[in-house]
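Chain residues, written in single-letter form:
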Amino acid sequence: MERLRKCRVVEGFVQIMLIDKYGNDSFDNYTFPLLTEITGYLLLFRVNGLQTLGQLFPNLTVIRGSELANNYALVVYELMHIKELGLTSLIDIQRGGVRIEKNPNLCHADTIDWKTIAPEGENWIKANQDANECTTCPSNVTVLLPNGMTQMIRCPSREVNRLIHNDKPSHLCWSSNHCQQKCPTSCPKSCTKTGECCNTSCLGQCSSGNKSQCMVCRNYYYIQNNHTRCVDKCPDHMFLFSESRCLTEEECYKLYKPLQRVADITDDHPYVPAQGECRLDCPVGYTLTPAPGTQRLTCVPCKGPCRSECKGMVIESISQIQQLRGCTIIQGSLSIRLRQLGGENVVRELEKVLYSIEEIYGYLTIVRSYALMSLGFFRNLKIIHGTVLNANLSLSVIDNQNLQELWNQNVTIKRGNVRFNDNPMLCVKKITSLKSHFGDGVGIENEEQLNKTNGVRVACEIKKLRTKPTKISLDSVIIQWDSFKDLPDMRQLLGYVVYYIEAPHENVTFYDGRDACNSQGWRVDDVANMQELDQATHILTRLQPFTQYAYYVKTYTLSSENLGGQTDITYFRTSPGTPRIIRDLHVYIENNTLVVSWQEPTKIYGKLSAYKIGATLNDERNDMIKQRNYCHDEIEKPETKPNIPVESTSIATTASPVKDNQNQCSKEECAAFCSASGVTESESGLKIDVNEVEMSIGFEDWLHNYVYIKWKSKIQSKTAGRQRKQCNCPSWEQLLHISI
């Protein structure tokens, strides 16, 4: 752990685990106040004697999550003695979730608003100390300022859960002595301890005297003359490394290989500068070639198609797929089993990595991947050779509850059979369309049974409906479409579903980037069926001014009905609106001239043509004004009338509220609400969540397989153990793994 003493940034991940000989005071002499940033993840597992992380990492501000531990950026698992997290400076986890589990003495793990810190990940906080045996969060605390003074600050309030009976207001804190820091909405995640906004280039805290002196840079940084400079993008002569640091070409070539890739990378210095990044592999369309007159490798355009061969693998989490980045040929088989139900959008991660795959020499299996709505992330896949088969199958697509689309291009299957089973949203005609590109002897193994388990919960015969926006304002639009009247029994039409999304460019498709288990992206409104009308209408609200949107409408029918309707994707742009406030306003006097400077608003909502500057002379001649201290005796604000929306009767249908996470309850909240209402568990059907138990077991299995090495024999184990103690580890620049 001494290697962390002078670290400000760990480019990679930090693992502290399997320390069982330490007591309660063993960590008293360890503290790393300089460490503010980890680009990968932080994992703690079975560390005895550690009671708080606050002393180890008092200033850790951001975990970027460029590498994840089974989809998590922060893992605290089975620490028997930890009493509080104490990561009081942690304000941002940019990718991945948080998993804090099975820490029997840990308090205040659930008094943190983790969704604010890690908005893109799944947060799993379970099996820690009972909240009734912990202290409560304070309403305010005293903080020590950099100038040595102290100041009282108020802890942010936790939102009262309206679904929990007698839920009382409380505050957010790391412990009874430390609030969770939340910055003003005008400068999210960038303010001092007292809430003063920092420069927009900062993340976390900054100097109270110089708001541009950041503790951590929001985007990227480089070091010049021993000073850190924050930038929004790297200078032209530098290359981005680890999604955080800008390096010169010479610095890039000198980087040592990452420790986790020691086994499969033979070159000690494998990094190459290419297209503005310092990377281990070349961009698509480029190949590694020694530079003329030097031993250094460089990326040059391929003469014809580039080939990058990779081994096959089983993908069970998004953290695993990074090994396939840039691969075009899979020498082996590929199996995708993504069982997670929430958190980061896995489809977008798959699109970033698997799009380059062109050939699979073995078989392809897609099993129980609940998030997948389409296999479109294989956008360049051309052929599945089937040289290795799985029970005589080269393509298996089984038990994918939300899969609705295969790939958009023609894929040749040369050998082996194909099997589709238990895909209730996938229409049979989309499966049989693959037959035109089967090789000799290839067939659908269960073709006669396809319609029994595939496409049973979706309308597969679709009639196109016409649609158009009729009235557009700055934050709402009324859309209209043809009513669907083609069902033999119109009672089977339950209504319509409207999908809409921000669309800067007119290139939106139905399934690209969509994840059935993630609320990001498409928003959804349900609309009741008005059978007597030839045209159905609906109002979309809470839109951004001067923003282009895409939308489409589809029918919602009984699952037994195979006929439905759907519109094409249609675009509209909202009207211009008032820009947001300007940023970084400065007023000062220079040579008897009043100088006003500012930065443009983050959102303009239109075409900005000019600024208006207004000024009034504040001549305080009234003696009463001079006698009053307005810092303590504030100006009384006039009473505001309640904002009661005017009931509108101009719309034929009732506007459905936008479905977002704020209006939905979790399973635990709904269960608590039912119990509070006097409904027994047997009546409400509350049972053990089998999927949750399976996911918990799955994570524990992954962690044990990741941490423990299974040796082939006892003799080999002893020999390897001696060798491991004697070896000198490579540079830990990209990895820190601490175990005793």
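Residues numbered from 1 in each chain as written. Predicted model: local features only at pLDDT ≥ 70, side-chain atom pairs only at ≥ 80, totals over all residues. Heavy atoms only, no water.

A. How the structure looks around the overall build of the protein. Across its full length, the protein holds ten helices and 45 strands. For the protein, buried positions account for 43% of its 740 residues. Once local pairs closer than 6 in sequence are excluded, the contacts in the protein between residues at least 24 apart make up 66%. Element-wise, carbon and sulfur atoms account for 49% of the exposed surface of the protein, whose accessible area totals about 41,100 Å². (Helix = DSSP H or I, 4+ residues; strand = E, 2+ residues; numbered from the N terminus. Buried < 20%, exposed > 50% of the residue type's maximum accessible area, 1.4 Å probe, protein only. Contact = heavy atoms within 4.5 Å. Areas by Shrake-Rupley, 256 points an atom, 1.4 Å probe, with all protein chains shown as cover.)

B. Layout of the pairing of strand S24 (residues 286–290). Pairing of S24 with strand S25 (residues 297–301), which is carried by five bridges, proceeds in the antiparallel orientation. Paired with Leu288 across the strands is Cys299, a residue of S25. Between the end of S24 and the start of S25, which pair antiparallel, lie six residues, with Gly293 showing a positive phi angle near 75°. (Pairing = 2+ DSSP bridges.)

C. Here's a closer look at the state of the cysteines. Inspection of every chain in the model, using the stated rule, returns 13 disulfides. One disulfide in the model links Cys198 with Cys206; its S-S distance is 2.0 Å. Measuring handedness by torsion sign, the sulfur bridge of Cys198 and Cys206 sits at about -85° and is left-handed. When sorted by exposure, Cys198 lands in the same class as Cys206, which is buried. Disulfide pairing places Cys282 opposite Cys299 at an S-S distance of 2.1 Å. Its S-S torsion of approximately -90° makes the covalent link between Cys282 and Cys299 left-handed. Linking Cys282 in the loop between strand S23 (277–279) and S24 with Cys299 in strand S25, this pair joins segments that are 17 residues apart in sequence. You can call Cys282 buried: its relative accessible area is 13%. (Disulfide = S-S within 2.5 Å.)

D. Layout of the pattern of salt bridges. Tallying each qualifying case throughout the model produces 22 salt bridges. With its nearest N and O atoms 3.3 Å apart, the salt bridge here joins Arg368 to Asp399. Residue Arg368 is found in the loop between strand S29 (364–367) and strand S30 (383–384), and its partner Asp399 is found in the loop between strand S31 (393–398) and strand S32 (412–413); the two are separated by 31 residues along the sequence. Its relative accessible area of 38% is what places Arg368 among the partly exposed residues. The shortest N-O distance in the salt bridge between Asp489 and Arg491 comes to 3.0 Å. (Salt bridge = Lys/Arg side-chain N within 4 Å of Asp/Glu carboxyl O.)

E. Structural context of helix H3 (residues 346–354). In terms of burial, H3 is largely enclosed, as seven of its nine residues are buried. The set of residues buried in H3 consists of Val346, Val347, Glu349, Leu350, Glu351, Val353 and Leu354.

F. Here's a closer look at the packing of aromatic side chains. In this structure the tally under the stated criterion is 19 aromatic pairs. Centre to centre, the rings of Phe45 and Tyr77 are 6.1 Å apart; their planes meet at 45°, and the pair counts as tilted. You can see Phe45 sitting in strand S4 (residues 42–47) and its partner Tyr77 sitting in strand S6 (residues 72–77), a full 32 residues away along the chain. When sorted by exposure, Phe45 lands in the same class as Tyr77, which is buried. Directly above the aromatic system of Trp124 lies the positively charged group of Arg99, at a separation of 4.2 Å from the ring centroid. (Phe/Tyr/Trp six-rings, centres within 6.5 Å; stacked < 30°, edge-to-face > 60°. Lys NZ or Arg CZ within 6 Å of the ring centre and 35° of its normal.)

G. Spatial organisation of the sheet that holds strand S39 (residues 535–540). One open sheet holds the three strands; their spatial order is S35-S36-S39, and the pairing between them is antiparallel. Since the sheet does not close on itself, it has two edges, and those belong to strand S35 (467–472) and S39, each with one partner. For this sheet, the mean inter-axis angle between neighbouring strands, taken without regard to orientation, is 25°. As paired elements, strand S36 (residues 477–482) and S39 share six bridges and run antiparallel to each other. If you follow Ile479 over to S39, its bridge partner there is His538. (Axes fitted to C-alpha atoms, helices over the stretch in contact; angles between N-to-C directions.)

H. Region of interest: a nonpolar patch on the surface. A contiguous nonpolar surface patch, about 840 Å² in accessible area, is contributed by Ile582, Leu585, Val587, Ile589, Leu594, Val596, Leu608, Tyr611 and Ile613. Among the elements of the structure, strand S43 (583–590) and strand S44 (593–599) are those that each provide at least two residues to the nonpolar patch. Tallying contributions element by element places S43 first for the nonpolar patch, with three residues. As for its placement among the helices and strands, Ile613 is situated in the loop between S44 and helix H6 (623–627). Taking relative accessible area as the criterion, Ile613 reaches 59% and is therefore assigned exposed. (Patch = residues over 30% accessible without salt bridge, like charges linked within 9 Å, V, L, I, M, F, W, Y side chains within 5 Å.)

I. Highlighting the side chain of Glu349. Within the element layout of this structure, Glu349 appears in helix H3. At a separation of 3.0 Å, a polar atom in the side chain of Glu349 contacts the side chain of Arg95. (Polar contact = N/O pair within 3.5 Å; in protein donor to acceptor, adjacent residues only side chain to side chain.)

J. Summary view of the sheet that holds strand S3 (residues 37–38). Ordered in space as S1-S3-S5-S7, the four strands form an open sheet in which the pairing is parallel. Strands with a single pairing partner mark the edges of an open sheet, and in this sheet they are strand S1 (9–10) and strand S7 (92–93). Pairing of S1 with S3, which is carried by two bridges, proceeds in the parallel orientation. Each residue of the ladder has a partner; that of Val10, found in S3, is Ile38.

K. Broad picture of the nonpolar core. Counting 83 residues, the largest nonpolar core has Phe57, Leu74, Trp114, Leu324, Leu354, Phe378 and Phe420 as its most contacted members. Sorting elements by how many residues they give to this core places H3 first, with five residues. Counting contributing residues, this core receives three or more from each of domain 1 (2–133) and domain 3 (318–449). Among residues more than four places away in sequence, those in contact with Leu324 are Cys310, Lys311, Met313, Ile315, Ile330, Leu334, Val353 and Leu354. (Core = buried A, V, L, I, M, F, W, Y, C linked by side-chain atoms within 4.5 Å. Domains from an automatic or database assignment.)

L. The environment of Gln480, seen in detail. By the element assignment, Gln480 lies in strand S36. C-alpha of Gln480 to C-alpha of Thr467: the two residues are 13 residues apart in sequence and 5.5 Å apart in space. Beyond its immediate chain neighbours, meaning those up to four positions away, Gln480 contacts Arg466, Thr467, Lys468, Thr470, Gln535, Ala536 and Thr537.

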